[in-house]
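One letter stands for each residue in the lines below.
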Amino acid sequence: MPALAWQRLGEYLLDSRLLGSIQSTLYWDQNTVMPHEGASWRADQLSLIAKQLHARQSSAHFETLLAEAKTEFEGARLAGTITPQEQMERQRNLHLLTQEFNRQKSLDPKLVGHLAIARSDGYHRWQEARKNSDFHCFAPALASLVSLRQEEARQLAEPRSCWETLAQPFEPDLTCARLKELFDPLRTLLPELVDKVCAMRRSPKRKWELDQALQKDLAKRLLDEWGRDESITCVAQSPHPFSTTLGPRDFRLTTRIVKGQPLSSFLATAHEWGHSLYEQGLPSQSHQWFGWPLGLATSMGVHESQSLFWENRVARSKSFSQRWWTRFAQVGAPIDSAMELWHLMNPLTPGLNRVEADELSYGLHILIRTDLEIALLEDGLEVEALPSEWNYRYKEFLGISPANDREGCLQDVHWSEGLFGYFPSYLLGHLISAQLAEAMTSDFKSQGCDASDPLEAFIFAGEETRLLNWLRSNVHCHGRQLNAEQLVQKVTGRKLSSTPFVKYLLTKLQNLGL
C-alpha cells in the first residue's frame with residue numbers, strides 16, 4: 001500500500017528539519033568554538049545549506065506533496081474519519097506550510113545564497129569591529145545586509161512595508177501601527193520614570209568582582225536547582241548569549257562573563273534557560289523536529305516572555321534573593337543580606353548596554369533599536385550615520401552617550417546577521433510576560449493559594465516547578481496554533497496592552513523604595 005499523503009509530507013518535512021538542524025549546529029559552532037580563520041569556509045558551508053533548504057522549501061515536489069495532503073485532508077474531513085482536534089491541527093499546519101512555501105517560492109535562489117554569505121561575513125566583521133571598537137570596519141557588511149534584506153522584501157511583495165515584511169518570521173501578523181499602539185505609552189512614561197529614579201539614586205555600592213570559575217559554578221547551581229537535565233542540555237560561552245535547539249533532545253545555551261559585572265552571567269543564564277525551557281515544552285505530538293509547524297514557538301515575543309519571566313520575575317525577585325544571598329556570600333561576594341542582593345539584582349541605573357539593562361530602562365534600548373532599523377530600511381538612514389544617530393538617541397532617551405562604538409551600535413549581534421525586525425520582540429516579551437504573570441497569579445489564588453503574591457511565595461519555598469507547570473499547561477502547549485496576540489487573549493482573557501507591565505514596574509519601584 002502506498003504511504004498516505006500526510007505521511008509522505010511528514011517525511012519530507014523531517015528531512016528538511018534535519019538539514020535545518022545541521023545549519024543550526026554550524027551556527028552554534030561558529031559562535032562558540034570555531035577558530036577565527038574558519039570564517040570564510042563556514043560562510044560557504046552555510047550558503048550551500050541555505051540554498052539546499054530553499055530549494056526543498058520551494059520545490060515543485062514540495063508543492064505537489066502539499067496539494068496531495070490538502071486533498072487527502074478534505075476527503076477525511078468530509079468523511080468524518082478524523083477528529084475535530086485533528087481537523088483543526090492539520091488545517092493550521094497546512095495553512096502555515098503553504099504560507100511559508102509561497103514566501104520561499106518568491107525568493108531568487110541566488111539571493112538566498114548571497115544572504116547566507118553576507119550573514120556569515122557580517123558576523124565575522126562584527127566580531128572584529130566590536131573587538132577594535134571600529135564601526136567603519138563593519139559598515140560595508142551592514143550596508144550589504146540592508147540592501148539584500150530590502151531586496152528580499154521586494155521579492156516577497158507582501159502587502160506590508162519593508163520592515164513589517166522582514167518582521168513576520170519573528171512576529172507573525174505584526175504591523176507598525178499595532179507596534180505604535182503598544183509602545184507609544186512607554187515612550188513617554190519610561191523616560192519620566194528613569195528621570196525620577198535617577199533623581200533618587202542611592203549611593204553606588206563599591207565595585208566588586210567575582211572569579212570566573214565561581215560565576216560559572218553559581219550559574220550551574222542555578223540550572224541544577226531549576227531542573228536541568230545534563231543529558232539533553234549543553235552550556236557554553238559566546239560573545240553574545242543565546243539559546244538554540246539542535247535536535248529533539250539537544251538543547252544548547254550560551255552565556256558570557258562580563259568584567260565588572262559579577263551578576264551578568266548569572267542573570268544571562270536565567271534568561272537563556274527560560275528560552276530553553278520553552279523549547280523543551282513545545283507540543284511533543286507535533287514536535288518541530290518532526291517537521292510540523294505547530295511544534296514551533298508561537299513567536300519570538302512569546303519566546304522572550306518566557307526568558308524574561310525566569311530572569312526578571314524569578315531571578316530578580318525579592319524571594320529569590322532571600323534564598324540565594326548566602327550562596328553568593330559564601331563564594332566571596334561582598335553581600336551582607338537578602339535586601340542587598342535584591343537591590344544589586346535590580347540596580348535601576350540607566351546604562352549603555354541592552355543585555356545588562358535593568359527592567360525600567362530596557363524598553364528604551366529596544367525603542368531606539370526599532371526606530372533605527374526602520375530608518376535604515378525605510379527612511380533612507382545611511383549606514384555610516386548610524387553611530388551618530390545611535391549616540392544622539394541614547395542621550396535623548398537615557399541621558400547618556402557611548403564613549404566608543406563598542407559601547408554603542410556594535411554591542412548587539414542581530415544586525416550583523418541581518419535580523420531586522422527582531423528587536424521589538426524583546427519589549428513585546430516584557431508586555432506579554434507581565435500579562436501572563438497576572439493571569440498566573442489569578443489562577444493560583446483561585447486554586448486556593450492565600451498568599452498575597454503566590455509567585456513570590458512559591459519562589460521563596462523553592463517551588464518554581466509550580467510556575468513552570470503553569471507555563472507548560474497554558475503557554476508552551478500551543479506552539480504555533482495561535483499567534484502571539486491570540487495566545488495572550490486566550491490565556492488572560494484580555495487584549496495585549498502595556499498596562500500590566502507598567503503596573504508591575506510601578507509596584508517594583510515602590511517596593512524598592514524608589
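The following paragraphs examine the structure supplied in this document.

Each value, and the rule that gives it
Here the residue numbering is sequential within each chain, running from 1 through the sequence in written order. Where local features are concerned, this predicted model is filtered to residues with pLDDT of at least 70; where side-chain atom pairs are given and counted, the filter is 80 or more; whole-chain, interface and lining totals use all residues. Excluding hydrogens and water, the side-chain figures rest on all heavy atoms present in the structure. Per the convention used, a helix needs a DSSP run of H or I reaching at least four residues, while a strand needs a run of E reaching at least two, with both numbered from the N terminus. Just to be clear, the radius of gyration here is over C-alpha atoms, and the globule rule we use is 2.2 Å times residues to the power 0.38. We call two strands paired when DSSP finds no fewer than two bridges between them. Between N-to-C directions, angles cover 0 to 180 degrees, with each direction set by a line fitted to C-alpha atoms, over the stretch in contact for helices. Two residues form a contact once any of their heavy atoms are found within 4.5 Å. Working definition: roughly parallel below 35 degrees, roughly antiparallel above 145 degrees, roughly perpendicular at 65 to 115 degrees, and oblique for all remaining angles. In a left-handed crossing the near helix is turned counterclockwise from the far helix by less than a right angle, and in a right-handed crossing that turn is clockwise. Any two cysteine sulfur atoms lying within 2.5 Å of each other are counted as a disulfide. Any residue under 20% of the maximum accessible area for its type is buried, any over 50% is exposed, and the rest in between are partly exposed; the area is computed with a 1.4 Å probe on protein chains only. Helices are assigned an expected span. That span is 1.5 Å times one less than the residue count. Of all possible arcs, the one meant is that of the directions from the helix axis to the C-beta atoms. Polar contact is defined as a pair of N or O atoms within 3.5 Å, subject to the rule that within protein one atom must be able to donate a hydrogen and the other to accept it, and that residues adjacent in sequence are counted only when both atoms are side-chain atoms. Here is the rule: rings of Phe, Tyr and Trp (six-membered ring for Trp) pair when centre to centre is within 6.5 Å. Planes less than 30 degrees apart are stacked, more than 60 are edge-to-face, and the remainder are tilted. Only buried residues count toward a nonpolar core. Its members are Ala, Val, Leu, Ile, Met, Phe, Trp, Tyr and Cys residues joined through side-chain atoms within 4.5 Å. In the sections that follow, a salt bridge refers to a side-chain nitrogen of Lys or Arg positioned within 4 Å of a carboxyl oxygen of Asp or Glu.

A tally of regular secondary structure across the chain gives 20 helices and three strands. Its C-alpha radius of gyration of 23 Å places the chain within 12% of the 24 Å reference for a compact globule of 514 residues. In terms of principal-axis extent, the alpha carbons of the chain reach across some 75 × 60 × 45 Å.

A few words on the sheet that holds strand β2 (residues 243-247). Pairing is mixed across the open sheet formed by three strands, whose spatial order is β1-β3-β2. Both outer strands of the open sheet, β1 (233-237) and β2, are each paired with one neighbouring strand and no more. Strand-to-strand twist across the sheet, computed as the mean angle between neighbouring axes with direction ignored, equals 25 degrees. Here five bridges tie β1 to strand β3 (residues 250-255), and the two strands are oriented parallel to one another. Residue pairing for β3: C234 is matched across the bridge by R252. Contacts between helix α10 (residues 264-280) and the sheet are confined to β1, β2 and β3, with β3 contributing the most and set at about 160 degrees to the helix.

Next up on the list: the packing of helix α9 (residues 212-225) against α10. One can describe the packing of α9 onto α10 by two numbers: an axis separation of 9 Å at closest approach and a directional angle of 30 degrees. Classified by the angle their axes make, α9 and α10 are roughly parallel. Regarding α9 and α10, the two cross each other, and that crossing is right-handed. Where α9 abuts α10, its residues Q215, L218, A219, L222 and L223 lie against S265, F266, T269, A270 and W273.

Once that is clear, we can look at the state of the cysteines. Enumeration over the complete set of coordinates arrives at zero disulfides. You can see C137 has no disulfide; the closest cysteine sulfur is in C409, sitting 12 Å from it. By relative accessible area, which is 27% here, C137 ends up partly exposed.

With 13 residues, helix α15 (residues 386-398) extends 17 Å between its outermost C-alpha atoms, agreeing within 8% with the 18 Å of an ideal straight helix rising 1.5 Å per residue. L386, P387, W390, R393, Y394, F397 and L398 are the residues of α15 that are buried. Down the axis of α15, the buried side of the element spans an arc of 135 degrees, and every buried residue falls inside it. Exposed residues on α15 whose side chains face more than 90 degrees from its buried face are Y392 and E396. Buried residues belonging to α15 abut α6 (135-156), α8 (176-199) and α14 (359-378). Positioned one or two residues after α15, G399 has a phi angle of 75 degrees, which is positive.

What follows concerns the side chain of S361. Structurally, S361 can be placed in helix α14. On the basis of relative accessibility, which here comes to 1%, the residue S361 falls in the buried class. Among residues more than four places away in sequence, those in contact with S361 are V194, P350 and L398.

A few words now on the side chain of T298. As for its position among the elements, T298 is in the loop between α10 and α11 (300-315). At a separation of 2.5 Å, a polar atom in the side chain of T298 contacts the main-chain carbonyl oxygen of G479. Here T298 is in contact with P172, Y278, G479, R480, L482, N483, A484 and L487, once residues within four sequence places are set aside.

Enumeration according to the criterion identifies 23 aromatic pairs in this entry. Geometrically, the ring pair formed by F309 and W310 is edge-to-face, given 5.6 Å between the ring centres and 80 degrees between the ring planes. W310 shares its class with F309; the two are buried. In textbook terms, an aromatic cluster arises when at least three aromatic residues are bridged by ring pairs, as seen for F170, Y362, W390, Y394, W415, Y422, F423 and Y426.

This brings us to unusual backbone geometry. Unlike most non-glycine residues, A157 shows phi in positive territory, near 50 degrees. Positive phi, normally seen in glycine, also occurs at D173, with a value near 75 degrees. Residue classification places D173 among the partly exposed positions, given a relative accessible area of 46%.

A few words on the nonpolar core. One finds F328 and L467 to be the most contacted residues of the largest nonpolar core, which totals 116 residues. Not counting chain neighbours up to four residues away, the residues in contact with L467 comprise F309, W310, V314, M440, F444, L455, F458 and I459. Listed in part, the 15 residues of the second largest apolar core include Y12, F62, A69 and A76.

The subject of this paragraph is the pairing of β2. Among the five residues that make up β2, four are buried, leaving the element largely enclosed by the rest of the structure. Pairing between β2 and β3: four bridges, direction antiparallel. Bridging from a neighbouring strand, T244 pairs with R252 of β3. Connecting β2 to the antiparallel partner β3 that follows it, the hairpin turn spans two residues.

Per the stated rule, a full pass over the model turns up 32 salt bridges. When the shortest N-O distance is used, the salt bridge between D184 and R187 registers 3.5 Å. Here R187 and D184 lie together in helix α8, a separation of three residues that amounts to about one turn. For D184, a relative accessible area of 27% translates into the label partly exposed. For R466, the salt bridge goes to E463, with nearest N and O atoms at 3.6 Å. Here the salt bridges share partners, and the residues they tie into one network are K180, D184, R187, D371, E389 and R393.

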